Amino acid sequence: EVAGLVLVNPAVLGAAKMRALPLLHLVKASAKAIGSDIASPGIDELAYDRTPLHAANSMMKMWVDVRACMDLVNCPLLVFRSAHDHVVPAASTAFVLSHVSSDEVTERVLASSYHVATMDLDKDEIFRGSLEFFARHSA
């Protein structure tokens, strides 16, 4: 049994441009990757230069199963969402929040960070908030 769950910029829906993946991955092996979506100057995420499109398409297929089972999540939930995420649309977090069965659901919007928020300007807020959440729910 899970006592609580913390998510940061959860992806269960893709950006509009991903709609072409089911066909695109059949004719193109990879695309330029989206690494280092970070607002903080001088901070870089270690990321691949290219994204394999077959794998990205597979991830999108997995999201169908994840979304279908979202109602099985019934533990306390804390979700951090970047106000300016260039990778995952805000609709993804909205979907999570509206489809879980948890009685306790909290969303915290990160005003200063992009997608890689755990390495960005709001990282201390994420870590502090997560520790407080875990302390309340780990008894």
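Before reading on, note that the structure itself is shown above.
A short tour of the structure in this document, coming up.

The rules behind the values
Residues numbered from 1 in each chain as written. Predicted model: local features only at pLDDT ≥ 70, side-chain atom pairs only at ≥ 80, totals over all residues. Heavy atoms only, no water. Helix = DSSP H or I, 4+ residues; strand = E, 2+ residues; numbered from the N terminus. Buried < 20%, exposed > 50% of the residue type's maximum accessible area, 1.4 Å probe, protein only. Contact = heavy atoms within 4.5 Å. Areas by Shrake-Rupley, 256 points an atom, 1.4 Å probe, with all protein chains shown as cover. Lys, Arg positive; Asp, Glu negative; His and termini not counted. Charge placed at Lys NZ, Arg CZ, Asp CG, Glu CD. Patch = residues over 30% accessible without salt bridge, like charges linked within 9 Å, V, L, I, M, F, W, Y side chains within 5 Å. Salt bridge = Lys/Arg side-chain N within 4 Å of Asp/Glu carboxyl O. Phe/Tyr/Trp six-rings, centres within 6.5 Å; stacked < 30°, edge-to-face > 60°. Expected span 1.5 Å × (residues − 1). Arc of directions from axis to C-beta.

Some words on the overall build of the chain
And step 1. Across its full length, the chain carries four helices and five strands.
And step 2. Sequence-ordered secondary structure for the chain, helices as α and strands as β, is β-α-β-β-α-β-α-β-α.
And step 3. If you line up the chain on its principal axes, its C-alpha atoms span 50 × 40 × 20 Å.
And step 4. Taking all 139 residues of the chain together, the buried fraction comes to 32%.
And step 5. Relative to all contacts within the chain whose residues are 6 or more apart in sequence, the contacts with residues 24 or more apart total 75%.
And step 6. Of the roughly 8,500 Å² that the chain leaves accessible, carbon and sulfur atoms contribute 59%.
And step 7. Within the chain, the 16 negative side-chain charges are centred at a point lying 9 Å from the centre of the 12 positive side-chain charges.

Comments concerning a nonpolar patch on the surface
And step 1. Judged by side-chain polarity, Leu-23, Leu-24, Leu-26 and Val-27 come together as a nonpolar surface patch covering roughly 450 Å² of accessible area.
And step 2. Looking at the element boundaries, Leu-24 is found in helix H1 (residues 21-27).
And step 3. Leu-24 gets classed as partly exposed once you look at its relative accessible area, which sits at 34%.

Structural notes on the pattern of salt bridges
And step 1. Tallied over the full model, the rule gives two salt bridges.
And step 2. When the shortest N-O distance is used, the salt bridge between Glu-107 and Arg-81 registers 2.7 Å. Taken together, the residues Glu-107 in strand S5 (residues 105-110) and Arg-81 in strand S4 (residues 77-82) connect sequence positions 26 residues apart.
And step 3. For Glu-107, a relative accessible area of 34% gives the class partly exposed.

A short note on the packing of aromatic side chains
And step 1. Under the definition given, this model contains one aromatic pair.
And step 2. Taking the centre distance of 6.1 Å and the plane angle of 70° together, the rings of Phe-133 and Phe-134 count as edge-to-face.

Some remarks on helix H4 (residues 123-137)
And step 1. The first and last C-alpha atoms of H4 sit 21 Å apart over 15 residues, in line with the 21 Å expected at 1.5 Å per residue.
And step 2. When H4 is considered as a whole, its buried residues turn out to be Ile-126, Gly-129, Ser-130, Phe-133 and His-137. Buried residues of H4, viewed axially, fall in a sector of 105°; they line one side. Looking at H4, the residues exposed on the side facing more than 90 degrees away from the buried face are Leu-131 and Ala-135.
And step 3. Where H4 is buried, its residues meet strand S1 (5-8), S4 and S5.

A few points about the environment of Arg-67
And step 1. Secondary-structure assignment places Arg-67 in helix H2 (residues 53-68).
And step 2. Here the alpha-carbon distance between Arg-67 and Phe-95, two residues 28 residues apart in the chain, equals 8.3 Å.
And step 3. Setting aside residues up to four positions removed in sequence, Arg-67 forms contacts with Val-12, Leu-13 and Phe-95.

Things to note about unusual backbone geometry
And step 1. Positive phi, normally seen in glycine, also occurs at Asn-9, with a value near 45°.
And step 2. Position of Asn-9 relative to the elements: it lies in the loop between S1 and H1.
And step 3. Asn-9 sits in the buried class, given a relative accessible area of 4%.
And step 4. In this structure, Ser-36 takes a positive phi of about 60° despite not being glycine.
And step 5. Relative to the assigned elements, Ser-36 resides in the loop between strand S2 (30-32) and strand S3 (50-52).

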